[in-house]
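Structural characterization, general
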Amino acid sequence: MISYQSIEINEKKSYGQLLDSCCISDKHIDSMVVDFLGKYLGDLISKVIIEWPYYDQDYLSIYYIHYSKKFKNYPKYCYRLHFISRRGEYCGCTVLRPIIIGKKMGKTYIKPELLLKERAYLVRGEYNVHIDGMEELVDAFPWMMQDTDITTCAHIAVWSVLRYYGNRFVNYSCPTLGEIVENVHEEWGRKTPSVGLTPIQVSEILSRYGFYPIIRGGNKNKTDLLLEETFAYIESGIPIIAMCESKQHAFSVIGHGEIKKDILDNDEYVNKIREPETNIILHSKLINSIYVMDDNCFPYRRVDKYIDSESDVPYSMYEISYVVVPLYARMQLEYHEVYNRFIGLVKYGGMKWEGTRIVRIYLTSSDLLKNYAKSQGNMSSILKNIIIHLNMSKYVWCIDTSDVEEYKEGKVSGKVIIDATAGTKDGEPWLLMHDKGEVRFYDVLKDTNEIIKNINIEPYAEYAHNLDCIEVYNKEEMR
Amino acid sequence: MINGNEMIAEDYDRLSDYLLTCIGHEKADEVTIKSLIGSCAEFDGAGISKSSMVFPNPVNPKESVSLKFSNVKFSLRLAFDIILLNPVKPPSDKNEMLMFMIRVLKLAFGEMVKILDEDMANVLQAIYMLSYDNHGATMEKIIEYCRKYNMQAESMERVIYNLENIKCIELVEGEYKLAETVILNLKNVDIKRGI
């Protein structure tokens, strides 16, 4: 029979109760679990519910291909811990597996609000958790520790991204950890125990599950270009897998930190980050941190451009050597093509975008873009009408451009929409572009470019549908 | 791995430990240093040394110095981006990191730069901050920038001459720019702390 046992949490030390033999078998828990929970959740949690037995699909998938073949006896069942906040809200759960010490935390869904120290912009999905006959929903990103035997950091990074897509979109499957291990193409011998994955192997696994991945990186002289491109895909709501050669480590990147708009008041800094011939500043230059799911650390760790002993993790963004981006089939035009075309457009295209402008480049679906346009009360009715009724490809690249003051207010006064299925040699991939006085768009049925001039387009709110803006919980209210 | 007069580093941790042992880091954060090395160092053809080059010895002009390069490339411009292009960290932290990097260059180029120290840091910082929009920094602008460090024009010219010799900066159409990468020669010599 499934049992549910509660323990009250009054302070960090309360988590020590989990180590009592009457609560959880010592095969399933160790002091690292207790330390992690005490350190990161602390007294924001009022109660932990212990569910036993729990048959975890991911643990069973590696049990049958690996642990069942070992001489030592490994149980099939797990424990699952559920966390309830002081406000009585369900905050998430974690699975405890009977494996090596220090790696017992399995599949975990936990609300990021509990763990963030500042505002963040993250990718999240909604996960159903059934507990004691009830269904709870958790907005989270999947996380677990590697078991070090059959899976490594790269396997976990791939698993977390595939689990996110499989849960959120019906046309993607939800492979277990064991299925991912079995799908690794290994030319140099056996798959278990694993010695890690290369970027190419990661890309191959993603391909097997319906993605059209790209690999970027491998040149330290172009680290800043790599980070610019990484930010564009993060801004598109696409979780990516990053690999760090100096630390021999991989993790998934799921969002970014605060946008430092006050940097724009520092002329010396602005001069260094501005694109020389067009006065453009990429929005990504104003962001100093990303958020990652690192199997060595608790979920939602912040990775800064410049780190020190106080940082969440022992590596900086600049140490990222490669990224593998899981694109869809219809996302054919790549970031650097979009950027280069846009620079050409700014120089020679005739749009009146004047002065220093901040530019944000991202992918989105045309449906979501039209929904956004429809909801914009401040958008010019002419522009709104065109966007809503324009024939577009399923996915489009968008480039939002604002002057400094508009950007600080979260507004946009120029936009370019590009067909994401356009080829790299396609000279005219534009679907729409506008400045404050003119709109140009491509009518696919007539195969002509149309222009509407002498209109007044006031700045309107920026598009913000790809990432969830997550505010920090008021910790005093939580207590 | 140490082979004769050459230090051939093959992994980031060992390189970091070697540099921290030889140089010391006083107030700079060790985690920051290791991250900087992890971001900017690259091992090109591990175990294979590059060909030697000959430089005039600035201390004794009648002599020349023959240096055999090891296989560590260091992205100098990226290092400056990481250290200086950060609006959050206080100037004192940035200065500590800048001085650590200067000491790495001094370790790598030995006698070539033993007469240089803070002057080298000031001039490199000036060139980095004055370079933007595809332009480098003219000598006049560098002199004006470095006046706040009380540097004399003559010493600045000497510093620039030596920085060009060790390929940290280059002159392009009358303007100085920071080199993208430098090759570090990490020789197995009797290095004392706090060079």
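Residues numbered from 1 in each chain as written. Chains lettered and ligands numbered in written order. Predicted model: local features only at pLDDT ≥ 70, side-chain atom pairs only at ≥ 80, totals over all residues. Heavy atoms only, no water.

**A closer look at the sheet that holds strand S17 (residues 395-403) of chain A**
Residues and elements named next belong to chain A.
- Spatial ordering of the open sheet is given by S12-S16-S17-S19-S20-S21-S22, a layout of seven strands whose pairing is mixed. Because the sheet does not close on itself, it has two edges, and the strands there are strand S12 (280-282) and strand S22 (448-452). Direction aside, the axes of adjacent strands within the sheet are offset by 20° on average.
- Contacting S12, strand S16 (357-365), S17, strand S19 (414-419) and strand S20 (430-434), helix H8 (residues 335-348) crosses the sheet at an angle of about 160° to S12.
- The sheet contacts of helix H10 (residues 381-389) involve S20, strand S21 (439-443) and S22, and relative to S20 the element is tilted by about 170°. (Pairing = 2+ DSSP bridges. Helix = DSSP H or I, 4+ residues; strand = E, 2+ residues; numbered from the N terminus. Axes fitted to C-alpha atoms, helices over the stretch in contact; angles between N-to-C directions. Contact = heavy atoms within 4.5 Å.)

**Regarding the interface of chain B and chain A**
- Contacts between the two partners involve 33 residues from chain B, matched on the other side by 27 residues from chain A.
- Between the two partners, chain B and chain A, sit one salt bridge.
- Here B:Arg77 ties to A:Asp224 by a salt bridge, and the two come within 3.1 Å at their closest N and O atoms.
- The tally of links from chain B across to chain A stands at eight residue pairs in polar contact (both at pLDDT 80 or more).
- Residue composition of the side of chain B that touches chain A, grouped by class: 15 nonpolar, nine polar and nine charged. (Salt bridge = Lys/Arg side-chain N within 4 Å of Asp/Glu carboxyl O. Polar contact = N/O pair within 3.5 Å; in protein donor to acceptor, adjacent residues only side chain to side chain. Nonpolar A, V, L, I, M, F, W, Y, C, P; charged D, E, K, R; others polar.)

**Notes on the sheet that holds strand S6 (residues 72-75) of chain B**
Residues and elements named next belong to chain B.
- The three strands are arranged S3-S6-S9 in an open sheet whose pairing can be described as antiparallel. Looking at which strands have only one partner, the edges of the open sheet turn out to be strand S3 (41-43) and strand S9 (181-184). If you compare each strand with its neighbour and ignore which way they point, the axes differ by 30° on average.
- In terms of strand pairing, S6 meets S9 through four bridges, oriented antiparallel. Within the sheet, the bridge partner assigned to lysine 73 lies in S9 and is isoleucine 183.
- Here helix H3 (residues 76-84) sits on the sheet and contacts S6 and S9; the angle it forms with S6, its principal contact strand, is near 45°.
- Sheet strands touched by helix H4 (residues 91-109): S6 and S9. Its angle to S9, the strand with the most contacts, is close to 50°.

**Focus: the pairing of S22(A)**
All names here are of chain A.
- Inspection of the sheet shows S21 paired to S22 by five bridges, in the antiparallel sense. Following the sheet pairing, phenylalanine 441 is matched in S22 by glutamate 450.
- Counting the residues in the hairpin turn of S21 and S22 gives four residues, including aspartate 447, whose phi is positive at 55°.

**Describing the domain arrangement of chain A**
Residue and element names in this part refer to chain A.
- Along its sequence, chain A is carved into domain 1 (1-140), domain 2 (181-329) and domain 3 (335-461).
- Using only C-alpha atoms to locate each centre, domain 1 and domain 2 end up separated by 28 Å.
- The interface is formed by 21 residues belonging to domain 1 together with 22 residues belonging to domain 2.
- Here domain 1 meets domain 2 over a buried area of about 1900 Å², counting both sides, of which 63% is carbon and sulfur.
- For the pair domain 1 and domain 2, the interface holds two salt bridges.
- Here arginine 302 and glutamate 118 are joined by a salt bridge, their closest N and O atoms 3.5 Å apart.
- Linking domain 1 with domain 2 are three residue pairs in polar contact (both at pLDDT 80 or more), by the criterion used here.
- Put simply, the parts of the chain that give the side of domain 1 that touches domain 2 at least two residues each are helix H1 (31-41), strand S5 (105-110) and strand S6 (120-122).
- Looking at the side of domain 1 that touches domain 2, its residues break down into 15 nonpolar, one polar and five charged. (Domains from an automatic or database assignment. Buried area = accessible area lost by both parts, 1.4 Å probe.)

**Structural notes on the packing of helix H3 (residues 153-168) of chain A against helix H5 (residues 199-208) of chain A**
All names here are of chain A.
- Put simply, H3 and H5 touch, their axes get as near as 11 Å, and they point 30° apart. Classified by the interaxial angle, the pair formed by H3 and H5 is roughly parallel. When you trace H3 past H5, the crossing you get is right-handed. Residues Ala154, Val158 and Leu162 of H3 touch H5, and the partners they reach there are Val202, Ile205 and Leu206.
- Within the contact of H3 with H5, the residues separate by chemical class into six nonpolar, no polar and no charged. (Parallel < 35°, antiparallel > 145°, perpendicular 65-115°, else oblique. Left-handed = near helix turned anticlockwise from the far one by under 90°.)

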